[in-house]
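# Fold and geometry: a report
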Amino acid sequence: MSPLPAITLNPIEHIEGSIRIPGSKSLSNRALLLATLAEGTTRLQNLLDAEDVDHMLDSLKQLGITITQQEGNFYVKGTGGNFPKRQAVCFLGNSGTSMRSLAAALCIAQGDYVLEGIPRMYERPIADLVEGLKTLGANIDYLGQAGYPPLHIHPSSLKGGPVSLAGNTSSQYVSAVLMLAPYALKPVTITIAGRLISKPYVQMTLDIMEQFGVKASYSSDLKSFEIPLARYTSPGDYWIESDASSASYFLAAGAIANKNRDKPVRVEGIGKKSLQGDSQFARVLEKMGAIVHYEDHAIEISGPNKLQGIDIDMNDMPDVGMTLAMVGLFAEGSTTIRNIASWKVKETDRLHAMATELRKVGAGIETGEDWIRVTPPATQQDWKHVNIETYNDHRIAMCFSLVALGGVPVTILNPSCTAKTFPTYFEDFKTLANAV
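It should be emphasised that the depicted structure is a prediction, and the values quoted were computed from it without experimental measurement.

Let's shift gears to the overall build of the chain. Within the chain one finds 12 helices and 25 strands. Taken against the 2.2 N^0.38 rule, which gives 22 Å for 436 residues, the C-alpha radius of gyration of the chain at 21 Å falls within 12% of a compact globule. With respect to the three principal axes, the spread of C-alpha positions in the chain is 65 × 45 × 45 Å. For the chain, the proportion of its 436 residues judged to be buried stands at 59%. The long-range fraction of contacts in the chain, counting pairs at least 24 apart against all pairs at least 6 apart in sequence, stands at 74%. Taken as a whole, the chain presents about 16,100 Å² of accessible surface, with 47% of it coming from carbon and sulfur. In the chain, 39 positive and 45 negative side-chain charges are present, and the distance between their average locations comes to 3 Å.

Moving on, we come to the packing of helix H4 (residues 127-135) against helix H5 (residues 172-180). Running from N to C, H4 and H5 cross one another at 30°; their axes reach a closest spacing of 9 Å. It follows that H4 is roughly parallel to H5 by the angle criterion. For the element pair H4 and H5, the recorded crossing hand is right-handed. Mapping the contact onto sequence places Asp128, Leu129 and Leu133 in H4 and Tyr173, Ala176, Val177 and Leu180 in H5.

With that settled, consider the environment of Gln110. Tracing the chain through its elements places Gln110 in the loop between helix H3 (96-105) and strand E7 (112-116). We classify Gln110 as partly exposed; its relative accessible area is 37%. Once residues lying within four places of it in the same chain are set aside, the contact partners of Gln110 are Arg86, Pro155, Ser156 and Ser157.

Once that is clear, we can look at the packing of aromatic side chains. Per the counting criterion, the structure on display carries 11 aromatic pairs. Taking the centre distance of 5.7 Å and the plane angle of 35° together, the rings of Tyr183 and Tyr232 count as tilted. Note that Tyr183 is positioned in the loop between H5 and strand E11 (188-193) and Tyr232 in the loop between strand E13 (224-227) and strand E14 (237-239), a separation of 49 residues in sequence. Under the relative-accessibility criterion, Tyr183 is labelled buried at 8%. Accessibility expressed as a relative area gives 0% for Tyr232, which makes it buried. Ring geometry for Tyr249 versus Tyr425: centroids 5.7 Å apart, planes at 75°, classification edge-to-face. Of this pair, Tyr249 sits in helix H7 (residues 244-257) while Tyr425 sits in helix H12 (residues 425-432), placing them 176 residues apart in sequence. The pair Tyr249 / Tyr425 is uniform in exposure class, with both members buried. Of the aromatic side chains, those joined through ring pairs into one cluster are Tyr249, Phe250, Phe422, Tyr425, Phe426 and Phe429.

Applying the stated criterion across every chain, the model contains 23 salt bridges. The partner of Asp52 in a salt bridge is Lys420, with the nearest N and O atoms 2.6 Å apart. A residue pair is termed long-range when its members are at least 10 positions apart, and Asp52 in helix H2 (residues 51-62) and Lys420 in the loop between strand E25 (410-413) and H12 qualify at 368 residues. Here Glu131 and Lys134 are joined by a salt bridge, their closest N and O atoms 3.9 Å apart. On the criterion of helical spacing, the pair formed by Glu131 and Lys134 is a turn pair, its members being three residues apart in helix H4. Among the residues examined, Lys134 registers a relative accessible area of 33% and is labelled partly exposed. Each of Lys25, Asp52, Asp319, Lys346, Glu347, Arg350, Asp393, Arg395 and Lys420 takes part in one network of salt bridges that share partners.

Here the focus is the sheet that holds strand E8 (residues 139-142). Spatially, E6-E7-E9-E8 is the arrangement adopted by the four strands of the open sheet, whose pairing is mixed. Every interior strand has two partners, whereas the edge strands, strand E6 (87-91) and E8, have only one. Averaged over all pairs of adjacent strands, the angle between strand axes in this sheet comes to 15°, irrespective of strand direction. When E6 meets E7, the two strands line up parallel, connected through five bridges. Across the sheet, the residue bridging to Gln87 is Asp112, located in E7. Of the strands in this sheet, E8 and strand E9 (151-154) touch H4, which is tilted by about 150° from E8.

Quick notes on the rules
Residues numbered from 1 in each chain as written. Predicted model: local features only at pLDDT ≥ 70, side-chain atom pairs only at ≥ 80, totals over all residues. Heavy atoms only, no water. Helix = DSSP H or I, 4+ residues; strand = E, 2+ residues; numbered from the N terminus. Rg over C-alpha atoms; globule rule 2.2 N^0.38 Å. Buried < 20%, exposed > 50% of the residue type's maximum accessible area, 1.4 Å probe, protein only. Contact = heavy atoms within 4.5 Å. Areas by Shrake-Rupley, 256 points an atom, 1.4 Å probe, with all protein chains shown as cover. Lys, Arg positive; Asp, Glu negative; His and termini not counted. Charge placed at Lys NZ, Arg CZ, Asp CG, Glu CD. Axes fitted to C-alpha atoms, helices over the stretch in contact; angles between N-to-C directions. Parallel < 35°, antiparallel > 145°, perpendicular 65-115°, else oblique. Left-handed = near helix turned anticlockwise from the far one by under 90°. Phe/Tyr/Trp six-rings, centres within 6.5 Å; stacked < 30°, edge-to-face > 60°. Salt bridge = Lys/Arg side-chain N within 4 Å of Asp/Glu carboxyl O. Pairing = 2+ DSSP bridges.

Coordinates in, geometry out; function isn't part of it.
Pasting the structure below:
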């Protein structure tokens, strides 16, 4: 079936009901890699069925990893760090988590590997990670522009020792080295140069490493880490919680378009016990006036008569900062989102893309190097039915579905780009809105 060129959502006045979000992309790819490095077989439950995870699965199979599927679960036969195939070309699309974590993991594989992707991947920087891995003893070449994929990884001995990593471009660099570090020849110590963005993702990495049997020591501010020499061991079963970033659109919809506290929107699969920092997005909506009830593995949400604009630093959860920009369309006053320079090196330049498309809808937009301010359309007549360009970015497509809650239709171009993390997003969104 060819990709759908566009989808138009008609105005949605009210939204209610319950939805279970698919598995977390970040946890899925981390769990796949750690299950591969571990000793024993791991059953992964609720693994995300989407492009980013498919790229990781396909690449691991290219590397000789035995992965089978039965009744919706995936069984990964661990290698103890010994990748069976010593030569492979892995295509990773535009999956940043896959590119960065495999680039690190393959440095212990004593093989000859090429990591490729789509053209946008070749615009996403990776120099800080590569230079850090070289400090630890890796042998890596750039096959195109220096500092960017594609990469050629040669056999080498990962000696370990101290390494300094920049933290202001992507926390995935830190996570990649953390997961690899137990397999170096001597203990690895990591110090972070500058500010570490997306700290909750690094904490997530530390938590899942511990569930696979390796406990790192680290400072309370996540500026330094000590990782012992160890081997991951399979926990047997590992359940992957729902994706908190994907949940943000439904939480936002509930805050915007559900005024019925007796029948709130219920999002299942994340809650008080979530490992993901983006699950804290509900707390941001609470600050804007939303009524939120938390359970261990679910969140219920409804909205006030009018949400209030907010001025907030979203450095720890930049992906849901995009969802917050959409909520700003429905708030009283302006919403300012700060410390989001990382938007510029994601699937597209999200700072430019969000500003451009929000202006089309009728919002007042101001931007700087690392911030955006959203002022909602002044009157209902200022809302516009427009075609939203998605820039082949799944989060742009999902974000702008929320425009339909503003009393006008919205047309999303290339909606199929949501296949990256949430292939059924628009069907699920329309079901919750009773708009099928």
